[in-house]
Amino acid sequence: MAKPLHIAIDGPAAGGKTTVARALARRLQLLYLDTGAMYRALAYLALHTGTEVDNGPALRRLCEEDGIRVWLDPEAPLGFRIFAAGAELTDAMLQSPEVTAIVSTIAAHPAVREAMVAKQRALANGSGIVMAGRDIGTIVLPDARVKIFLTATVAARVERRREQLEGSGVHASLARLTEEIGERDRLDRNRAVAPLVPASDAHVIDSSDLSVKQVVDAVIAIVERTVA
Ligand code: DC
């Protein structure tokens, strides 16, 4: 039987990965998962259980004891459903400023990443999927048939992040978002485990001046070339 199609979409914060990945999954009729939501769900759970953001082993336990669960459901508002300690999380909960402030620190723990990567691989096992994140092409699905690294200038990413937040009902100033994105870039690129880098076989796309449709069309052209 042919191997299911795995597509990895990696890149820095607010580079348009999730919008592109979801649109791509719809067009290609594949499952979709934003792995950033899993790290955000763990940050949410840490806040709600009073778990210290520096305590890697405790965070790993939170994640493993069925604290974070994901159902791949393309019809769900997010394109998948995500639960923390049994309660379903909404986009507004995942994107809250409190969660955003601690998520990069939480995602830097090797123990947390090990637990998350195992869950992510299990979700992709046997299914065609578009997975968005930071380390999908390098660590989670190194054999993915198509790997995309989506970049954009900080200014373009700040503007997109503002629009995304407004859509979730969260208001944020451009100055604060510029600072936040710069800080998350720094943490994501410099962490010791699974730092944000393009896989050696990734196609790098700069989306600063492209519409979502243009990016999705470019990725579909790459998929067609690769799979043909
Ligand atoms: O994509 P996002 O902004 O929702 O991601 C939230 C945080 O999770 C981000 O700071 C980096 C981390 N992350 C990660 O380390 N690895 C992934 N595969 C996805 C996200």
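Look up: the structure comes first, before these words.
Note that residues are indexed from 1 along each chain, following the sequence as it is written. Selection of residues for local features in this predicted model requires a pLDDT of at least 70, selection of side-chain atom pairs for listing and counting requires 80 or more, and totals for whole chains, interfaces and linings are taken over all residues. Remark: hydrogens and water are excluded; side-chain values derive from all non-hydrogen atoms of the structure.

Peer 1: I'd like to hear about the layout of surface pockets, residue by residue, with values.
Peer 2: Here the idea is plain: a probe the size of a water molecule rolls over the atoms and shows the empty space left. In this analysis, the protein atoms alone were mapped onto a 1 Å grid. Cavities are point sets where a 1.4 Å probe fits without being able to get out; pockets are open sets with protein on both sides within 12 Å along at least five of seven lines; lining residues have an atom within 4 Å of a point. Grid points are joined across faces, edges and corners, and a volume is the space filled by probe spheres set on the points. In this structure, the largest pocket occupies an estimated 940 Å³ of space. Together, 43 residues line the largest pocket, and Thr18, Thr19, Asp34, Gln95 and Gln164 are the ones closest to its centre. Only runs of H or I of at least four residues qualify as helices and only runs of E of at least two qualify as strands under DSSP, and these elements are numbered from the N terminus. Here the element with the most residues in the lining of the largest pocket is helix α1 (residues 17-28); it accounts for 6 residues. Of the residues assigned to the lining of the largest pocket, the class counts are 17 nonpolar, 12 polar and 14 charged. If you go around the second largest pocket, you meet 13 residues; those closest to its centre are Lys3, Pro4, His6, Asp143 and Ala144. Side-chain classes follow a simple rule in which Ala, Val, Leu, Ile, Met, Phe, Trp, Tyr, Cys and Pro form the nonpolar group, Asp, Glu, Lys and Arg form the charged group, and the remainder, Gly included, forms the polar group.

Peer 1: Lay out the site of the ligand with the relevant residues and their values.
Peer 2: Near the ligand lie 15 residues; those nearest to it are Arg40, Ser104, Arg113, Arg184 and Arg191. Here a polar contact is taken to be a pair of N or O atoms separated by no more than 3.5 Å, where protein atoms must pair a possible hydrogen donor with a possible acceptor and residues adjacent in sequence count only if both atoms sit in side chains. Thr35 is positioned with one of its side-chain polar atoms (N or O) 3.0 Å from a nitrogen atom of the ligand. A distance of 2.7 Å is found between an oxygen atom of the ligand and a side-chain nitrogen or oxygen belonging to Ser104. Note on areas: these come from Shrake-Rupley sampling with a 1.4 Å probe, and a residue is covered only by the protein chains present in the view. Contact with the protein chains hides 96% of the accessible area of the ligand, taken as 450 Å² for the molecule alone. A molecule is counted as occupying a cavity or pocket when more than half of its atoms fall within 2 Å of that pocket's grid points. Given that more than half its atoms are within 2 Å of the pocket grid, the ligand belongs to the largest pocket. Broken down by secondary-structure element, the contributors of at least two residues to the shell around the ligand are α2 (35-49), α5 (97-107) and α9 (174-190). It is α2 that provides the largest number of residues to the shell around the ligand, a total of 4 residues. A molecule or strand has a residue near it when one of that residue's heavy atoms lies within 4 Å.

Peer 1: So what's going on with the sheet that holds strand β5 (residues 87-88)? Which residues, and what values?
Peer 2: Spatially, 3 strands are ordered β3-β4-β5 in an open sheet, and the strand pairing comes out antiparallel. The sheet is open, and its two edges are formed by β3 (68-71) and β5, each paired on a single side. By the bridge criterion, 4 bridges tie β3 to strand β4 (residues 81-84) in an arrangement that is antiparallel. Each residue of the ladder has a partner; that of Arg69, found in β4, is Phe83. Seen against the sheet, α2 touches β3 and β4 and runs at an angle of roughly 25 degrees to β4. The pairing criterion is simple: DSSP has to find at least two bridges between the two strands. Residues count as neighbours in contact if any of their non-hydrogen atoms are within 4.5 Å of one another. The axes used here are C-alpha line fits, helices contributing only the stretch in contact, and every angle between their N-to-C directions lies in the interval 0 to 180 degrees.

What is shown is where atoms sit, not what they do.
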